[in-house]
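# Residue-level structure breakdown
Each chain, written out:
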Amino acid sequence: MRRFLAAFSFPLFLSFAGLYILFAGLTFARAAKVSGGGLDSLIWPISGSSTPDTPAISSPFGPRWQASQSRYDYHPGIDIAAPQDTPIHAITDGVVSELGWLSNSAGLAIVVYHPSLDLYSAYLHLSRTATGLTLHQPVTQGQVIGYVGNSGTTDFMHLHFEIRLTATGYPTSTRNPLGYLPRPDVTTPTLSIAQLQSDPVYSPTVSLSITVPRAELDLNQIRVLLQDRATGNVLDDRFVDFNRRLHTGSDTLDQDGIRLRPAHFHTATQEYTITANFYDLHGFDSFTLTAQATDLGGHTATVTATAGDLTPPAPVTTLTAQGRADGGVDLRWIAPGDSDFVGTAASYDIRYAGVPINSFTWLSAVKVANSPAPLAGGQAQTMTLSGPLPTPAYFALKASDNEGNVSLLSNSAQVVWTVFVPVVRR
Ligand SMILES: [Zn+2]
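A brief report on the enclosed structure follows. (Residues numbered from 1 in each chain as written. Predicted model: local features only at pLDDT ≥ 70, side-chain atom pairs only at ≥ 80, totals over all residues.)

Right, let's get into the overall build of the chain. From N to C terminus, the chain includes 2 helices and 30 strands. Looking at the 426 residues of the chain, the share that counts as buried comes to 39%. (Helix = DSSP H or I, 4+ residues; strand = E, 2+ residues; numbered from the N terminus. Buried ≥ 20, exposed ≤ 12 C-beta atoms within 10 Å, placed from the backbone.)

What follows is the structure in structure tokens.
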């Protein structure tokens, strides 16, 4: 498999046991759409125009790892780096709904209600508000309402900008501002499966690496879908929605079997990379996994991987063969599993010969017809064979799983006859 993968240059790590992966990567972009590209009627708060402030965004909307504080949080806005006292513009007409020192984290801040859109824009960490600006005062689009600072919980000069759908319910009322502010939306995130593991085999884990260019920090959803490889049945379907925060709960590093490892800019490429880890996925040991990353404009990157079981059933070491009065034989053994002792194997190959069975004599041994279906691993299993059989007779078996993995040969069991032969009187 390594050779196969290398030949196709697929960036996978095979550092796990018992699985192989067939990998197909696919990235496609739908035609660029206006939706997700923002509202042309709005302006950006720093440029004061339709020119995006995105090159200066130091922290995008959504989950992030706060390296300076060694904790995970969910960033409810975008941070736009700018020198102290850079003017901040109202993104459209509105009314000042909050003004002043809003909290120790927000610092000096302004919230503006925009009746035409029925939403709020929020401007945090200001150095000062515009002279004369008061609560409930109307503001017009482009009006300078305040100046960039680092008041509140911040360690550098920037504007923290938010879109809030409602005045309350913060921060779940926030939405990604890049879905509202005008901007080109043409690229597709890139997505790759960094690792697909299954340990134990019944709970796969997949690690995804998603990259978006700095110009479009609009990653919106990451999803993984796990399907039974044989039937196509959906075994698990998980996603994290950056915009709507559907994975409700506290902002912890591990949540609902999803771990996000945001995120950092590559200074060389100006790209932003998030690692998403979906763990304890429910499924078999043979499955097809589809991962998707979607941006606000609906551009979707998709990768699929197929993983199958390489672990055969454990070899049977408990086989016994007991002769019957009718000349037949009762075989008994403990069933192995699908993978070692786990699960249920798919079939048996049971054979007998007139000599002890080893890997060589196995080849010429006689295969028994109508082998029973394997029971679950660990269960006692029996089979009765009718004669005639060679004397002496030896039995052995192998078990296979549904992936075609075949166990090692069992012990060779010689038939033990409980003697019913009548004593011949002379
Ligand atoms: Zn911020």
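There's plenty left to go through after this.
Right, let's get into the sheet that holds strand β6 (residues 87–89). Strand order in this open sheet of 3 strands is β6-β12-β10, and the pairing throughout is antiparallel. On the outer flanks of this sheet lie β6 and β10 (126–129), each paired with one strand and no other. Averaged over neighbouring strand pairs, the angle between their axes works out to 35° when direction is ignored. Of the pairings in the sheet, the one linking β6 to strand β12 (residues 144–148) comprises 3 bridges and is antiparallel in character. Across the sheet, I88 pairs through a bridge with G146, a residue of β12. (Pairing = 2+ DSSP bridges. Axes fitted to C-alpha atoms, helices over the stretch in contact; angles between N-to-C directions.)

Next up on the list: the sheet that holds strand β25 (residues 329–334). As summarised here, the arrangement of the 7 strands in space is β27-β26-β29-β30-β24-β25-β28, forming an open sheet in which the pairing is mixed. Bordering the open sheet on either side are β27 (366–367) and β28 (380–385), each of which pairs with just one other strand. Here β25 pairs with β28 via 6 bridges, running antiparallel. From the neighbouring strand, R332 faces β28, where its bridge partner is T382.

A separate point is the environment of V303. Relative to the elements of secondary structure, V303 occurs in strand β23 (residues 300–309). For V303, a count of 21 C-beta atoms within 10 Å puts it in the buried group. When the C-alpha positions of V303 and Q292 are compared, they lie 6.6 Å apart, and in sequence the two are 11 residues distant.

The next point concerns the pairing of strand β30 (residues 413–416). Only one face of β30 is buried: it carries A413 and V415, and the other face, with Q414 and V416, is open. Examined bridge by bridge, strand β24 (residues 320–323) and β30 share 2 bridges and lie parallel to one another. Bridging from a neighbouring strand, Q322 pairs with V416 of β30. The pairing of strand β29 (residues 394–400) with β30 spans 2 bridges and is classified as antiparallel. Residue pairing for β30: Y394 is matched across the bridge by Q414.

Formed by 63 residues in total, the largest nonpolar core has its most connected members in A109, Y123, I210 and L289. Per element, the largest residue contribution to this core is 5 residues, and it comes from strand β8 (residues 107–114). The residue makeup of this core includes at least three contributed by each of domain 1 (2–32 + 185–309) and domain 2 (54–179). Excluding anything up to four places from it in sequence, I210 contacts P189, L191, L219, I222, T273, I274, A276 and A293. (Core = buried A, V, L, I, M, F, W, Y, C linked by C-beta atoms within 7 Å. Domains from an automatic or database assignment. Contact = placed C-beta atoms within 7 Å.)

A few words on unusual backbone geometry. At the junction of T391 and P392, the peptide bond is cis and its omega measures out at -5° in the coordinates. Of note in this structure, D280 is not a glycine but carries a positive phi near 50°. In this structure, D280 sits in the loop between β21 (271–278) and β22 (287–295). Of the residues examined, D280 has 12 C-beta atoms within 10 Å and is grouped as exposed.

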